[in-house]
Amino acid sequence: MFYNKDKDEVIASLKTDENIGLSESDISSRREKYGYNEFQEKKGKSFFQKFLDQFKDFMIIILLFAAVISMIAGEAVDAVVILAIVMLNALLSIYQEGKAEKSLESLKKMSAPEAKILRNGKKYTIPARELVPGDIVFLDAGDIVPADLRLISTHNLKIDESSLTGESVAVEKFHDRVLSENANLGDRVNMAYMSSIVTYGRASGVVVGTAHDSEMGKIATMIDDIEDDLTPLQHKLDKLGKSLGILTIVVCAIVFVMGLLQKREILDMLLVSVSLAVAAIPEGLPAIVTIVLSIGMGRMVKKNVIVKKLLAVETLGSTTYICSDKTGTLTQNKMTVTKAYASGNYYEVSGTGYEPVGKITNDGKDLNDMDRIILKPMLYACALNNDSELVNKDGIYDIIGDPTEGALVTFAQKADFIHDNLNLEQPRIDEIPFDSERKMMSTVHRNEDSIVQYVKGAPDIIASKCNYIYDNGKFREITENDRHNIEEANSKYASKALRVLGYAFKFFNHDSYDPDNKNEEDLIFLGLTGMIDPPRPEAKEAIKLCKEAGIHTVMITGDYRETAYQIARELGMVSSHEESISGNELSLIEDKDYFDLVKKVSVYSRVSPEQKVKIIQALREHDEVVAMTGDGVNDALALKQSDIGVAMGITGTDVAKSSADMVLTDDNFASIVSAVEEGRIIFSNIQKFVGFLLSCNIGEILLVFFSMLLGMEEPLKPIHLLWLNLITDSLPALALGVEPGEKDIMQEKPRSKDDPIISKDMIITIALQSIAIAASSLLAFYFATKRYPDSPTHARSVVFATLILSELLRAFSSRSFVQPLYKLGIKSNMQMVYAFLISTVLLTAVLYVPFLKPIFDTFALGRFDWGIVLGFAIIPFIVGELVKVIRGVVKKKK
């Protein structure tokens, strides 16, 4: 720690000299000790490692084992098809999620490329990576701080630390302050931190931290140490896969033993076991989940959300807490004048950000001639006593300089007082720079008639310097009642967490102004302005929608407590101060006490990156699914630690974007609501196609199992089941994956992350559908074997066609768990119609195309055969629709 030591003590401890700097020998020894001022990237996984990771899934292992058995049994075609499916799924997953981690690379990019330093008594400009502790660095307005510095001299220095601390206003710095050991990061006014930006003044400092020893480096190290947790969907898919795998092994073992007891050939029983394994494992499930999530990613892009990690699409749908940074996320990170006071009048200012669009009103009414007379000199003061510049880049307004001064330029321009025009009308001839002791700034301007001195600063200081007041276009002596009204207006604005500035001026004759005798006494009071980093207009409605969806919104910021509370109250997040807490208070709390605290507090202010992570960890200990939104470097740790990190695309730093799972391209908090809805729709659709695939696959298992139990021939060969599961099941499953969402999906409470993919209602549906599919197919096989006793291929072709058509019809019924098909309508999901048609064509192809028939061991069916097929294939569909009708009736009675 260096902020709790005098600057001379720091210089002595680092063995340097503020007037000479380091020598060459000092530099080489320190570089050997500390290394270069750059971040080391974490080594990522190789393509081969990623490829091997794809084969750790339990279902995939069983399929590989089935492929080996098929090869041993001489069924090379089956083995090749199984292996091709496994390889295709692995490559698809790698392609979709193969983006390497770039958090540390982004941190590296954020480092200042150059630094102005003092070495051997001479000033140099060097690459920032060459800095070492003990170097003397010079800072000017516009510079990016190249390393952590203990300031040794300051001249009106202000630094924008919003990306590190979350504070929206540039921080004034003082080299001569000595702070306590427990001073928060945002309160360390004698320090300048790497990658923050100098907005005003100049300074010098001694390097006390480089690379991973800097505050930025600590964040880099923590990001490096955080391991990616499995998402809720990954947990559920893993659990489902293991359950299916165990079921497969048990069924295969039972059937194998049963076959041996029936004195069947061991090789035949091995092939039957392969058939069962293929039937039980939904080979296309991993690929379908990947593709459906990818389609969801595409839909989210249209809603201004870019999802970087595939499984994060679903996770947001189960979110129960959104922990949001304030600055730049819930607010615009653009200081805006919203109130003004002059001549006893309270004015409102509309518009947000730096775009000079909006108007000034008095009690809700447009300005009249007197209002314009009252405000004119104060607007001149706002525009002329100002070192910022408003710029327009391709229709987007921004400022060069201090954000507070940028807000004043915008305020003046809303009343058509253009900064550049006023500077031409009244050019600046002199100034008294801002000083932290005076808390004022003056600029002196020449016009045709006189010389004018405009003064701005702390309201109480400005008022104390005034002997006169500009009242309704006239000058008069200021009274105690005037001072009381000014103090009352200042208190009123301050209570709303506005930053208040006061304005005054005075006149000189052209020949009476003495630049050597400048002073800020005997002023004429003009008025006050109140400004704030305003909430995003759409954020309030988004938070309301989150509440309706059962999602708690929490603000976590580095800004001041009252400012954070007022913004949160305006957004509808809190109703009393008891729901807010500061970082200083958090520092007095034991880690174990966070567990109870996080359920009571909705606004956290002046918090450090480490405290943000503790808050998120405590919420996750409550089994909450936590989304963290943010845009700054100070958010990167929490973004990484949360279940799903959401970064801002426009104002977000590269570090935040790289640490996040998804990025909002419009920086709009409201886009999160769209993402939540999309996530819920996707999970609902995953449930639909998982239910569909399982009912089909379990139906296939029951078909093979009961045919064996009844002493019948094997109804289907492995190649039939592979074709059915990969092609005819997968296309309808994909169609289910793009099913439009239920209308009331955002009125439902969030799912628990422990809720399985398969709900109780789904279990009943799957059981009934599996029995219906198996029974109808078994009956079709029975009738076919009776009709064609000498042609097992013909009989298998009948059951093959029956099974496929029953599953295709079942897909239509699977589009909703509660709505019958006649209410949904066929045309509401045309992808399902296309899937049905394509799958039917594929079925007829393997039945009738000459070169495919020997590969699939099929027989061309006749009219009578199709009668059997259609008659039995419709049964599962009817059962599914009846179940929904009965369920609806029962629900209404409840």
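Residues numbered from 1 in each chain as written. Predicted model: local features only at pLDDT ≥ 70, side-chain atom pairs only at ≥ 80, totals over all residues. Heavy atoms only, no water.

**Concerning the nonpolar core**
- Grouped together as the largest cluster of nonpolar side chains are 149 residues, with contacts concentrated most on Phe689 and Val690.
- When residues no more than four places from it in sequence are discounted, the contact partners of Val690 are Leu240, Leu285, Ile757 and Ile758.
- In terms of nonpolar packing, the next biggest core, distinct from the first, is built from 33 residues, Val169, Leu379, Ala407 and Tyr454 among them. (Core = buried A, V, L, I, M, F, W, Y, C linked by side-chain atoms within 4.5 Å. Buried < 20%, exposed > 50% of the residue type's maximum accessible area, 1.4 Å probe, protein only. Contact = heavy atoms within 4.5 Å.)

**Focus: the sheet that holds strand E23 (residues 552-556)**
- If you walk across this open sheet you meet the eight strands as E8-E28-E27-E26-E9-E23-E25-E24, and the pairing is mixed. Each of the sheet's edge strands pairs with one partner strand only, and the pair in question is strand E8 (305-307) and strand E24 (580-582). Each strand of the sheet is rotated relative to its neighbour by a mean of 20°, with strand direction disregarded.
- Bridge count for E23 against strand E25 (residues 603-605) is two bridges, and the pairing is parallel. Each bridged residue has a counterpart across the sheet, and for Met555 the counterpart in E25 is Val603.
- Packing of helix H20 (residues 561-570) onto the sheet brings it into contact with E23, E24 and E25, and relative to E25 it is tilted by some 155°.
- Where helix H26 (residues 670-709) meets the sheet, its contacts fall on E8, strand E9 (321-324), strand E26 (626-630), strand E27 (644-648) and strand E28 (662-664), and the angle it forms with E28 comes to roughly 135°. (Pairing = 2+ DSSP bridges. Helix = DSSP H or I, 4+ residues; strand = E, 2+ residues; numbered from the N terminus. Axes fitted to C-alpha atoms, helices over the stretch in contact; angles between N-to-C directions.)

**Description of unusual backbone geometry**
- Backbone geometry at Lys15 places phi at a positive 55°, although glycine is not the residue there.
- Mapped onto the elements, Lys15 comes out in the loop between helix H1 (7-13) and helix H2 (24-34).
- For Ala211, which is not glycine, the phi torsion reads 45° and is therefore positive.
- Mapped onto the elements of the fold, Ala211 is located in the loop between strand E7 (197-209) and helix H8 (215-225).

**Examining the packing of aromatic side chains**
- Scanning the entire structure with this criterion turns up 15 aromatic pairs.
- Aromatic pair Tyr346 and Tyr493: ring centres 6.1 Å apart, planes at 85°, arrangement edge-to-face. Placement of the pair is Tyr346 in strand E11 (residues 345-349) and Tyr493 in helix H18 (residues 480-494), with a sequence separation of 147 residues.
- For Tyr346, a relative accessible area of 26% corresponds to the partly exposed category.
- For the ring pair Phe475 and Phe505, a centre distance of 6.1 Å and an interplane angle of 45° mean the geometry is tilted. (Phe/Tyr/Trp six-rings, centres within 6.5 Å; stacked < 30°, edge-to-face > 60°.)

**Structural notes on the pairing of E9**
- Residues Tyr321 and Cys323 of E9 are buried on one face, and the alternating residues Ile322 and Ser324, pointing to the opposite face, are buried as well.
- Inspection of the sheet shows E9 paired to E23 by four bridges, in the parallel sense. Counterpart to Tyr321 in the pairing with E23 is His552.
- Note: E9 against E26, four bridges, orientation parallel. For Ile322, the partnering residue across the bridge sits in E26 and is Ala627.

**Notes on the pattern of salt bridges**
- Scanning the model with the defined rule gives 34 salt bridges in all.
- Between Asp135 and Arg119 there is a salt bridge, with the nearest N and O atoms lying 2.7 Å from each other. Note that Asp135 is positioned in the loop between strand E2 (122-127) and strand E3 (136-140) and Arg119 in strand E1 (residues 114-119), a separation of 16 residues in sequence.
- A relative accessible area of 0% means that Asp135 is categorised as buried.
- Glu348 serves as the salt-bridge partner of Lys339, at 2.7 Å between the closest nitrogen and oxygen.
- In this structure Lys339 comes out as buried when scored by relative accessible area, which is 16%. (Salt bridge = Lys/Arg side-chain N within 4 Å of Asp/Glu carboxyl O.)

**Let's talk about the environment of Leu267**
- Tracing the chain through its elements places Leu267 in helix H10 (residues 266-280).
- Look at Leu267 and you get partly exposed, because its relative accessible area is 43%.
- Linking Leu267 and Ile72, residues 195 residues apart in sequence, is a C-alpha distance of 9.3 Å.

**Describing a nonpolar patch on the surface**
- There is a patch of nonpolar side chains on the surface, built from Ile874, Ile875, Ile878, Leu882, Ile886 and Val890 and spanning about 490 Å² of accessible area.
- When you line up the elements, Ile874 lands in helix H34 (residues 863-893).
- For Ile874, a relative accessible area of 32% translates into the label partly exposed. (Patch = residues over 30% accessible without salt bridge, like charges linked within 9 Å, V, L, I, M, F, W, Y side chains within 5 Å. Areas by Shrake-Rupley, 256 points an atom, 1.4 Å probe, with all protein chains shown as cover.)

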